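# Residue-level structure breakdown
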Amino acid sequence: MPSKNPPTGLPSQAIRNKNLRKSPVLTAETQKVIAKLKGLIGGSFITYWTSSGGSICQDDVMAMAQLLDQKSTSSKTLGLFLKSDGGNPQAALRLMHLFRNYFERIVLFAPFECASAGTMVALGCDEIHMGATSFLTAVDTSLKHELSPVDHGNNLVSVSQDEVMRIIRMWKENSTAQNPYPEIYKYLHPLVLGSLDRSSSLSIRICRELLGYHMKDKKRAEKISRDLNSSYPSHSYPITAKEASRLGLNVKPLSDEVHNHLLQLNNLYSHMAQPLLTDFDQQNYHNNEICNIIERDGVQMYYQVDKDWHYRTEERRWTSLNDSSGWHKVSIAKGKSTDTRFYIR
């Protein structure tokens, strides 16, 4: 049970406010690159970029809905730049459903990682443009459950369906007559295993539904869905353009000119998303970090982490304090930018 006593050893307000490091917001620079990309691609163009500290999540769908309006959806085709390590599969499905309400055709530009739930978004696109550094991944299920094991830092760890199935397979290969589950239950709660099985079925269904937006061959969609869920040796296995084509996806080569502009945009976003930590003492620090960025011509939206962290010695864990994290919207009109907060609950 977490302690109900207020944390001790916290920095004073004066120390907290002194020289807090803040993430740079480079909207003016990114908008110039987006204008060039929109001219190259033609039609509507949107970026959806997540850092290693962010992920595809349900709130992003609501933020994206605010970004879409008559101006941004005047074309029937959407060019989407996506970079993500993954996230919530159901958010990926909702995101594609949102796009399909505005656009008849979606062309994905994936010059970098487009992993896990990012791969699911890719499945819903009519074309996937990939280059030398592009990769998708497998989408087999891994999850953090409230009853998952904890690591040395007392944090919940992800449990993979593939890892569990490999344990069971190795157990059977050793020709033991014993039931493996009593031994597995010593390390994994039965409810964790049940959630894994449910999530695996959900993952296959989501893949199938996403492919159904543009793929009429149901058998082909089913095969791709199952291959992505069970045919690769690890969740992070890099599926390059060649392998994605072999799998049955509509992959196109990424042009050098578009790739160079996307690389420039990625560098700007990476600069914005560098975690900036302000250390107060050994038990307290402040984190300021931009995690997710969504942008089109004239509007940039980003989620910024802005909070203190305090280490509770008696619980052996970090706990957040003074949390001012949230979404920001930068609108540009007549050459001037306005940064406002908006809230999603």
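See the structure printed just above.
Predicted model only: the values in this text are computed from it and were never measured.

Moving on to the overall build of the chain. In terms of helices and strands, the chain carries eleven helices and 15 strands. For 345 residues, the compact-globule estimate of 2.2 N^0.38 gives 20 Å, and the chain sits close to it at 22 Å. Overall size of the chain, expressed as C-alpha extent along the three principal axes, is 70 × 65 × 35 Å. When each of the 345 residues of the chain is scored for burial, the buried share is 48%. Of the contacts formed within the chain by residues at least 6 apart in sequence, a portion of 67% connects residues at least 24 apart. Taken as two groups, the 41 positive and 35 negative side-chain charges of the chain have centres that lie 4 Å from each other.

A few words on the side chain of S116. For S116, the position within the fold is in the loop between β4 (113-114) and α5 (117-123). Apart from residues no more than four positions distant in its own chain, S116 is found in contact with D85, G86, T137, A138, V139 and H235.

Taken as a whole and assessed by the stated rule, the structure comprises 13 salt bridges. Across the pair D126 and R100 runs a salt bridge, and its minimum N-O distance is 2.9 Å. Placement of the pair is D126 in the loop between α5 and β5 (127-130) and R100 in helix α4 (residues 89-100), with a sequence separation of 26 residues. There is no split in this pair, since D126 and R100 are both buried. Here R246 and E243 are joined by a salt bridge, their closest N and O atoms 2.7 Å apart. Taken as a pair, R246 and E243 lie in helix α10 (residues 241-247) at a separation of three residues, close to a single helical turn. Taking the relative accessible area as the measure of exposure, E243 reaches 19% and is therefore buried. A network of salt bridges, in which partner residues are shared, links R208, E222 and R226.

Right, let's get into the packing of helix α3 (residues 58-67) against α4. Remark: α3 packs on α4, axes separated minimally by 8 Å, with the N-to-C direction vectors making an angle of 15 degrees. As far as their axial angle goes, α4 and α3 are roughly parallel. The crossing of α3 and α4 is right-handed. Packed against α3, whose contacting residues are Q58, V61, M62, M64 and A65, the element α4 presents Q90, A91, R94, L95, L98 and F99 at the interface. Within the contact of α3 with α4, the residues separate by chemical class into eight nonpolar, two polar and one charged.

Under the definition given, this model contains eight aromatic pairs. Where F81 meets F112, the ring centres are 6.5 Å apart and the plane angle is 65 degrees; that geometry is what we call edge-to-face. In this pair, F81 sits in strand β2 (residues 77-83) while F112 sits in the loop between β3 (105-110) and β4, placing the two residues 31 residues apart along the sequence. Just as F81 is buried, F112 falls in that class too.

Pairing of strand β14 (residues 326-333) with strand β15 (residues 336-342), which is carried by seven bridges, proceeds in the antiparallel orientation. Paired with W327 across the two strands is F342, which belongs to β15. The antiparallel hairpin formed by β14 and β15 contains two residues in its connecting segment, where K334 sits at a positive phi of about 55 degrees.

Further remarks concern the nonpolar core. In terms of nonpolar packing, the biggest core is built from 54 residues, with M64, F99, L108 and L249 touching the most fellow members. Ignoring any residue separated from it by four or fewer positions in sequence, one finds M64 in contact with I46, Y48, L95, L98, F99 and I294. Core analysis: the second largest hydrophobic core is formed by 22 residues, L26, I34, I293 and Y302 among them.

With that settled, the discussion passes to the environment of T77. When you line up the elements, T77 lands in strand β2. Looking at T77, the relative accessible area reads 25%, which means it is partly exposed. As for T77 and F103, which are separated by 26 residues in sequence, their C-alpha atoms are 5.6 Å apart. In this structure T77 touches G43, S44, F103, R105 and V107, once residues within four positions along its chain are discounted.

All right, on to the pairing of β14 then. Taken together, the six bridges between strand β12 (residues 299-312) and β14 define a ladder with antiparallel strand orientation. Residue pairing across strands places Q300 opposite V330, the latter belonging to β14.

So, how was this worked out
- Residues numbered from 1 in each chain as written.
- Predicted model: local features only at pLDDT ≥ 70, side-chain atom pairs only at ≥ 80, totals over all residues.
- Heavy atoms only, no water.
- Helix = DSSP H or I, 4+ residues; strand = E, 2+ residues; numbered from the N terminus.
- Rg over C-alpha atoms; globule rule 2.2 N^0.38 Å.
- Buried < 20%, exposed > 50% of the residue type's maximum accessible area, 1.4 Å probe, protein only.
- Contact = heavy atoms within 4.5 Å.
- Lys, Arg positive; Asp, Glu negative; His and termini not counted.
- Charge placed at Lys NZ, Arg CZ, Asp CG, Glu CD.
- Salt bridge = Lys/Arg side-chain N within 4 Å of Asp/Glu carboxyl O.
- Axes fitted to C-alpha atoms, helices over the stretch in contact; angles between N-to-C directions.
- Parallel < 35°, antiparallel > 145°, perpendicular 65-115°, else oblique.
- Left-handed = near helix turned anticlockwise from the far one by under 90°.
- Nonpolar A, V, L, I, M, F, W, Y, C, P; charged D, E, K, R; others polar.
- Phe/Tyr/Trp six-rings, centres within 6.5 Å; stacked < 30°, edge-to-face > 60°.
- Pairing = 2+ DSSP bridges.
- Core = buried A, V, L, I, M, F, W, Y, C linked by side-chain atoms within 4.5 Å.

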